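Reading the structure
Next come the chains, spelled out residue by residue.
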Amino acid sequence: MRPTFLGFETQKRTLQMAQKCIDIVGNNISNINTPGYTRQRVDLYSMYISGFPNLGWNSPSQTLSIAGQGVNSYGVSQIRDIYIDKRYRANVATESEAEKMTQILSDIEDILDDFEEDGLQFFTQQFFNALQSYSMEKPDSTEIATLCVNNATNLCKLLNTYSNEIKQVEDTYSRELRDTVQHINEMLEEMRKLNDKIEKEKLHYNEGYGPNELYDEMNLYIDELATYGNIEVTQHANGTFSVSMGGVEILNGPKGKTNHIMMKDYETNGTAILFFESGEDINLESGALKGYVDMLNGNGVYATGNQNGYYGIAYFKSAVDEFARTVASIFNTANGGDEDSSRNMFSADKPGALITAGNIRVSDSWLRDPTMIGKTRRHNTETGLYEYGFDEVINELTGEVTLQNSNVLYLISQFDNHDIKFGNAHDFTGSVYEYISFISNRLAETISYETSRYETAVITVDALLDARDSVSAPDFDEEGVDMMNYQKWFSASSRLTTTLDDMLDKLINGTGRVGL
């Protein structure tokens, strides 16, 4: 005969397991809106009883095993899909990269917006119109000539504004990158401390189980870390996590070590240079960090040193500088500035400096004499020297002298020159107006590409989030069904305990008593 109280022990365990399952369902429902919470479940198993004869139930005819000892639990596990987690983190890095690049490009677009309506093309056209008006007047018409100076000044001021505002965007995102690097390093320190807690808590759990709430906290950090760069995650037997970014380990769980990201001073180097504390270069395939670096260092055909070929802040800054420099060179040369620097129409704000969008201005000689551009170079036969004066045409019959505006007409013709080369490696060859359209189109195309990439990534990430939530997130309906099932299980087990109690009462109080 088996031990009398064995059935009670079995049902006690059953009630405990049913109660535990109800507790976990309640915990799932309580945390249904908790960020990062992963649905939990009790992993149950049927109690194993050895067939060893001494553990059997002896009877005169046979030995029966003491099977039917109920249920027990290995532990409380999290319901997660590692494959979905990996895909989500890979795609969210692409989403964050494209989002950051789109954001930065949009800020550049805000500066260079309306290139053709009231931006660079508008002010260039105003300068052209002023020259045309002047060409139809006598070259000594100071009032009309002054309008040319004013419109040229407005064009220079616009280029100065472009340069200053692009520099502000550059400064904003270089600081933002520095703050992001600092935030990542602070996260790594928090993750290292969390690994220490996990390792200590893991000692109290069965193999394969651990402190789920700490795991949830760690996974929140990992999900955020995935937005900054492509990562690989490993969980060790002691419960701790290790993370690699761009193929380089930045968090070592078992050793409790971190490998911080370092950034050289942007103002000193002029480019965004990131590297790991251990000395390796950072080569990311995706992520917000890559977006920052590519946009700050992206200088297209102008790239040198640590810059890259993306069309980022540096490229559009170089493009505007190239426009200013090329336009100044074209008109200075056309006006005779190569032979006589006093004929330069445009100059830098400091003598000898390379002309850029930030420092271009109307030359002092043109400001002093607006009609300078109406004068042409001619040879003085009396002195034998070359000098500049108004182009005179003398009527052979009447002797009347008429002033011609031939030099201004020549300046105007430069707008129709389709062989102007802009940029090193000849980024573009065409007219001034064509170059303006080229830059505008390149910016629009780059934004369109990154926006499309971002929108595609958002769709993929949202789908993966839905897939992950369907596996890992608590659901009211599903948890409600489980709660009712576990409640019925608990009630049935309670009833069986009552039955066992009646049996025991009969055994103790009624055995051997006739009629009872």
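Now for a look at the structure at hand. (Residues numbered from 1 in each chain as written. Predicted model: local features only at pLDDT ≥ 70, side-chain atom pairs only at ≥ 80, totals over all residues. Heavy atoms only, no water.)

A closer look at the overall build of the protein
A count of helical and extended segments in the protein gives twelve helices and 17 strands. Within the protein, the fraction of its 516 residues that count as buried is 45%. Put simply, 64% of the contacts in the protein that link residues at least 6 apart link residues at least 24 apart. Element-wise, carbon and sulfur atoms account for 50% of the exposed surface of the protein, whose accessible area totals about 26,800 Å². (Helix = DSSP H or I, 4+ residues; strand = E, 2+ residues; numbered from the N terminus. Buried < 20%, exposed > 50% of the residue type's maximum accessible area, 1.4 Å probe, protein only. Contact = heavy atoms within 4.5 Å. Areas by Shrake-Rupley, 256 points an atom, 1.4 Å probe, with all protein chains shown as cover.)

Comments concerning the packing of helix 2 (residues 82-112) against helix 11 (residues 432-472)
The geometry of helix 2 relative to helix 11 is characterised by a closest axis approach of 8 Å and an angle of 150° between their N-to-C directions. On the basis of the axis angle, helix 2 is roughly antiparallel to helix 11. Both helix 2 and helix 11 take part in a crossing whose hand is left-handed. Classifying every residue of the contact of helix 2 with helix 11 by side-chain character gives 18 nonpolar, seven polar and ten charged. (Axes fitted to C-alpha atoms, helices over the stretch in contact; angles between N-to-C directions. Parallel < 35°, antiparallel > 145°, perpendicular 65-115°, else oblique. Left-handed = near helix turned anticlockwise from the far one by under 90°. Nonpolar A, V, L, I, M, F, W, Y, C, P; charged D, E, K, R; others polar.)

Some words on the side chain of Lys 375
With respect to the helices and strands, the residue Lys 375 is situated in strand 13 (residues 375-379). Leaving out residues up to four positions away in the same chain, Lys 375 has contacts with Arg 343, Asp 369, Tyr 388, Gly 389, Phe 390 and Asn 407.

Here we look at the pattern of salt bridges
One pass over the structure, following the stated rule, counts 25 salt bridges. Measuring nitrogen to oxygen at the nearest pair gives 3.4 Å for the salt bridge that ties Arg 39 to Asp 482. One end of the pair, Arg 39, is in the loop between helix 1 (6-30) and strand 1 (40-46); the other, Asp 482, is in helix 12 (residues 476-510), with 443 residues separating them in the sequence. Each member of the pair Arg 39 and Asp 482 is classed as buried. Of the charged contacts, one joins Arg 325 and Glu 322 as a salt bridge, the two residues approaching to 3.1 Å between their closest N and O atoms. A residue pair is termed a helical-turn pair when its members lie 3 or 4 positions apart in one helix, as Arg 325 and Glu 322 do in helix 8 (residues 313-334) at three residues. Taken together, the shared-partner salt bridges connect Arg 80, Asp 85, Arg 89, Asp 223 and Arg 468 into one network. (Salt bridge = Lys/Arg side-chain N within 4 Å of Asp/Glu carboxyl O.)

Regarding the packing of aromatic side chains
Aromatic ring pairs: the centre-centre distance and the angle between the two ring planes describe each pair. Scanning all chains against the criterion turns up 22 aromatic pairs. Both rings, one in Phe 422 and one in Tyr 435, keep their centres 4.0 Å apart while their planes meet at 5°; by these two values the pair is stacked. In this pair, Phe 422 is assigned in strand 16 (residues 420-422) and Tyr 435 in helix 11, connecting sequence segments 13 residues apart. When the ring centre of Tyr 88 is taken as reference, the NZ or CZ atom of Arg 468 above it lies at 4.4 Å. (Phe/Tyr/Trp six-rings, centres within 6.5 Å; stacked < 30°, edge-to-face > 60°. Lys NZ or Arg CZ within 6 Å of the ring centre and 35° of its normal.)

A short note on the layout of surface pockets
It is the rolling of a water-molecule-sized probe over the atoms that shows where space remains empty. Considering only enclosed or pocket space, the largest pocket measures out at about 800 Å³ in volume. Lining the largest pocket are 34 residues, and of these Ile 82, Asp 85, Arg 89, Gln 235 and Phe 241 sit closest to its centre. Listed by contribution, the elements that provide at least two residues to the lining of the largest pocket are strand 4 (71-78), helix 2, helix 5 (212-226), strand 5 (231-235) and strand 6 (241-245). Broken down by element, the residue count for the lining of the largest pocket peaks at six residues, all from helix 2. The space that makes up the second largest pocket amounts to roughly 340 Å³. (1 Å grid on protein atoms, 1.4 Å probe; cavity = no way out; pocket = protein on both sides within 12 Å on 5 of 7 lines; lining within 4 Å. Points joined across faces, edges and corners; volume = space filled by probe spheres on them.)

Describing the nonpolar core
Grouped together as the largest cluster of nonpolar side chains are 102 residues, with contacts concentrated most on Phe 127, Leu 159, Leu 289, Phe 331, Phe 346, Trp 366 and Ile 373. The element contributing the most residues to this core is helix 4 (residues 142-202), with 20 residues. Excluding residues within four positions of it along the chain, Leu 159 makes contact with Leu 120, Val 320, Phe 323, Ala 324, Ala 357 and Ile 360. (Core = buried A, V, L, I, M, F, W, Y, C linked by side-chain atoms within 4.5 Å.)

Section: the environment of Ser 452
When you line up the elements, Ser 452 lands in helix 11. With 350 residues separating them in the primary sequence, Ser 452 and Thr 102 have C-alpha atoms 9.5 Å apart.

A closer look at the environment of Glu 455
Among the secondary structure elements, Glu 455 is positioned in helix 11. Through-space distance from the C-alpha of Glu 455 to that of Glu 95 is 8.1 Å; in sequence the pair is 360 residues apart.

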